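Overview (structure and organization)
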Amino acid sequence: LVIPDLRVTKMDNFTSLSVGAGEWIDIEECKEENLLPWLLQRRSEGCVIVGVEQTSSSVQLLEYQFPDKPIVLLLGKEKEGIPVQFLDAVDQCVEIPQLGIIRSLNVHVSGAISIWEFTRQRILSQKVDMS
(Lines give C-alpha, C1' and ligand atoms only; values in the text may rest on other atoms or scores of the structure.)
Protein backbone atom coordinates (compact mmCIF):
# COMPACT_ATOMS: atom_id res chain seq x y z
CA LEU A 1 0.00 0.00 0.00
CA VAL A 2 1.40 3.38 -0.98
CA ILE A 3 -0.03 6.52 0.57
CA PRO A 4 1.06 10.18 0.43
CA ASP A 5 1.58 10.56 4.20
CA LEU A 6 2.47 7.83 6.68
CA ARG A 7 1.15 9.94 9.54
CA VAL A 8 -2.32 8.82 8.44
CA THR A 9 -1.57 5.36 9.83
CA LYS A 10 -1.32 6.81 13.34
CA MET A 11 -4.72 8.54 13.23
CA ASP A 12 -7.52 7.08 15.33
CA ASN A 13 -9.88 6.68 12.38
CA PHE A 14 -7.25 4.71 10.42
CA THR A 15 -6.39 2.39 13.28
CA SER A 16 -10.04 1.76 14.12
CA LEU A 17 -11.04 1.11 10.49
CA SER A 18 -8.02 -1.00 9.58
CA VAL A 19 -8.62 -3.27 12.60
CA GLY A 20 -4.96 -4.24 12.63
CA ALA A 21 -4.66 -4.92 8.89
CA GLY A 22 -1.98 -2.23 8.72
CA GLU A 23 0.24 -4.51 10.77
CA TRP A 24 0.14 -7.23 8.10
CA ILE A 25 0.86 -5.24 4.96
CA ASP A 26 3.76 -3.04 3.97
CA ILE A 27 2.80 0.62 3.83
CA GLU A 28 5.06 2.98 1.94
CA GLU A 29 4.96 6.78 1.72
CA CYS A 30 5.16 8.53 -1.64
CA LYS A 31 4.32 12.21 -1.87
CA GLU A 32 2.24 13.21 -4.89
CA GLU A 33 5.13 15.17 -6.38
CA ASN A 34 7.19 11.92 -6.39
CA LEU A 35 4.43 9.66 -7.67
CA LEU A 36 5.25 9.83 -11.39
CA PRO A 37 8.89 8.76 -10.92
CA TRP A 38 7.69 6.08 -8.47
CA LEU A 39 5.23 4.70 -11.05
CA LEU A 40 7.85 4.74 -13.81
CA GLN A 41 10.30 2.94 -11.53
CA ARG A 42 7.73 0.23 -10.79
CA ARG A 43 7.09 -0.18 -14.52
CA SER A 44 10.84 -0.54 -15.19
CA GLU A 45 10.85 -3.29 -12.55
CA GLY A 46 8.20 -5.21 -14.53
CA CYS A 47 5.00 -4.02 -12.87
CA VAL A 48 1.86 -3.30 -14.87
CA ILE A 49 0.21 0.00 -13.90
CA VAL A 50 -3.60 -0.26 -13.89
CA GLY A 51 -5.58 2.92 -13.26
CA VAL A 52 -9.15 2.84 -12.01
CA GLU A 53 -10.60 5.69 -14.05
CA GLN A 54 -13.27 6.39 -16.65
CA THR A 55 -11.42 7.40 -19.83
CA SER A 56 -12.11 7.11 -23.54
CA SER A 57 -9.83 4.05 -23.66
CA SER A 58 -10.74 2.37 -20.37
CA VAL A 59 -12.13 -1.15 -20.40
CA GLN A 60 -14.77 -2.60 -18.12
CA LEU A 61 -13.19 -4.11 -15.02
CA LEU A 62 -15.07 -7.38 -15.55
CA GLU A 63 -13.64 -7.65 -19.09
CA TYR A 64 -10.06 -6.89 -18.07
CA GLN A 65 -7.75 -9.83 -17.54
CA PHE A 66 -5.10 -8.89 -15.02
CA PRO A 67 -1.74 -10.05 -16.39
CA ASP A 68 0.33 -12.60 -14.51
CA LYS A 69 2.78 -9.91 -13.40
CA PRO A 70 3.07 -7.64 -10.40
CA ILE A 71 0.30 -5.03 -10.52
CA VAL A 72 0.20 -1.45 -9.32
CA LEU A 73 -3.42 -0.39 -8.88
CA LEU A 74 -3.60 3.40 -9.17
CA LEU A 75 -6.60 5.09 -7.58
CA GLY A 76 -7.53 8.73 -8.03
CA LYS A 77 -8.62 11.45 -5.68
CA GLU A 78 -12.17 11.79 -4.40
CA LYS A 79 -14.29 13.84 -6.87
CA GLU A 80 -11.25 14.40 -9.16
CA GLY A 81 -10.05 10.99 -10.24
CA ILE A 82 -6.51 10.29 -11.40
CA PRO A 83 -4.65 13.52 -12.25
CA VAL A 84 -3.87 13.71 -15.97
CA GLN A 85 -0.09 13.75 -15.47
CA PHE A 86 -0.29 10.22 -14.03
CA LEU A 87 -2.53 8.81 -16.77
CA ASP A 88 0.48 8.75 -19.14
CA ALA A 89 2.18 6.28 -16.80
CA VAL A 90 -0.82 3.92 -16.77
CA ASP A 91 -0.67 0.81 -18.95
CA GLN A 92 -4.44 0.34 -18.87
CA CYS A 93 -7.40 2.11 -17.29
CA VAL A 94 -10.31 0.06 -16.08
CA GLU A 95 -13.72 1.28 -15.04
CA ILE A 96 -16.35 -0.27 -12.85
CA PRO A 97 -19.70 -0.69 -14.62
CA GLN A 98 -22.45 1.35 -12.99
CA LEU A 99 -26.09 2.11 -13.59
CA GLY A 100 -27.92 5.35 -13.02
CA ILE A 101 -27.20 9.04 -13.37
CA ILE A 102 -24.28 9.30 -10.95
CA ARG A 103 -21.37 7.36 -12.44
CA SER A 104 -18.96 7.67 -9.59
CA LEU A 105 -17.90 5.62 -6.59
CA ASN A 106 -15.90 6.64 -3.56
CA VAL A 107 -12.20 5.88 -3.97
CA HIS A 108 -12.11 3.28 -1.20
CA VAL A 109 -15.08 1.47 -2.76
CA SER A 110 -13.46 1.47 -6.21
CA GLY A 111 -10.25 0.15 -4.68
CA ALA A 112 -12.04 -2.62 -2.80
CA ILE A 113 -14.00 -3.72 -5.88
CA SER A 114 -10.87 -3.70 -8.05
CA ILE A 115 -8.82 -5.65 -5.51
CA TRP A 116 -11.64 -8.18 -5.23
CA GLU A 117 -11.72 -8.66 -9.02
CA PHE A 118 -7.94 -9.11 -9.06
CA THR A 119 -8.24 -11.66 -6.23
CA ARG A 120 -11.18 -13.43 -7.92
CA GLN A 121 -9.15 -13.87 -11.09
CA ARG A 122 -6.19 -15.23 -9.13
CA ILE A 123 -8.45 -17.68 -7.27
CA LEU A 124 -10.08 -18.87 -10.51
CA SER A 125 -6.69 -19.36 -12.15
CA GLN A 126 -5.62 -21.26 -9.01
CA LYS A 127 -2.69 -18.96 -8.42
CA VAL A 128 -3.85 -18.39 -4.85
CA ASP A 129 -3.99 -21.14 -2.26
CA MET A 130 -7.30 -20.73 -0.40
CA SER A 131 -6.54 -23.35 2.26
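That block above? That's the structure.
Below, the structure is looked at part by part. (Residues numbered from 1 in each chain as written. Predicted model: local features only at pLDDT ≥ 70, side-chain atom pairs only at ≥ 80, totals over all residues. Heavy atoms only, no water.)

**Side note on the nonpolar core**
Put simply, the test is: Residues enter a nonpolar core if they are buried and are Ala, Val, Leu, Ile, Met, Phe, Trp, Tyr or Cys, with the set joined through side-chain atoms within 4.5 Å. A 1.4 Å probe rolled over the protein chains alone gives each residue an accessible area, and that area as a share of the maximum for its type sets the label: buried under 20%, exposed over 50%, partly exposed in between. Strands here mean DSSP runs of E at least two residues long; helices mean DSSP runs of H or I at least four residues long; both are numbered from the N terminus. Contact definition: two residues touch when any of their heavy atoms are within 4.5 Å.
Residues L35, W38, L39, V72, L74 and F86 are the most contacted members of the largest nonpolar core, which totals 13 residues. Every element with two or more residues in this core is listed here: α2 (35-44) and β5 (71-74). Counting residues per element, this core draws most heavily on α2, at three residues. Excluding residues within four positions of it along the chain, F86 makes contact with E32, L35, L36, L39 and L74.

**Some words on helix α4 (residues 107-124)**
Let me state the cut-off plainly: Helix span is expected to be 1.5 Å times the residue number reduced by one. What the arc measures is the spread of directions leading from the helix axis to the C-beta atoms.
In a regular helix each residue adds 1.5 Å, so 18 residues correspond to 26 Å; α4 covers 26 Å between its end C-alpha atoms and thus fits that length. Of all the residues in α4, the buried ones are V107, S110, G111, S114, E117, Q121 and R122. The arc enclosing the buried residues of α4, seen along the axis, measures out at 135 degrees, which places them on a common side. Every exposed residue of α4 that faces more than 90 degrees away from the buried side is listed here: H108, W116 and L124. Buried residues belonging to α4 abut β3 (48-52) and β5. Following α4 by one or two positions, Q126 has its phi on the positive side, about 60 degrees.

**Some points on the side chain of S58**
Cut-off, in case you're wondering: Side-chain atoms alone can form a polar contact between residues adjacent in sequence; in general such a contact is a pair of N or O atoms within 3.5 Å, and within protein one must be able to donate a hydrogen while the other accepts it.
With respect to the helices and strands, the residue S58 is situated in the loop between β3 and β4 (59-60). Since its relative accessible area comes to 15%, S58 is described here as buried. In this structure the side chain of S58 is engaged in a polar contact, spanning 2.5 Å, whose partner is the side chain of E95. If we skip the residues at most four places from it in the chain, S58 touches E53, Q92, C93, V94 and E95.

**Quick notes on the packing of aromatic side chains**
Convention followed: A pair of Phe, Tyr and Trp rings is counted when the ring centres sit within 6.5 Å of each other, with Trp represented by its six-membered ring. The angle between the planes then sorts it: under 30 degrees is stacked, over 60 is edge-to-face, the rest tilted.
Under the counting rule described, the total for this entry stands at two aromatic pairs. A ring pair is formed by F66 and F118, whose centres lie 5.3 Å apart and whose planes are at 90 degrees; its orientation type is edge-to-face. One end of the pair, F66, is in the loop between β4 and β5; the other, F118, is in helix α4, and 52 residues separate them in sequence. Its relative accessible area of 4% is what places F66 among the buried residues. An aromatic cluster is defined as three or more aromatic residues linked by ring pairs; in this entry it consists of Y64, F66 and F118.

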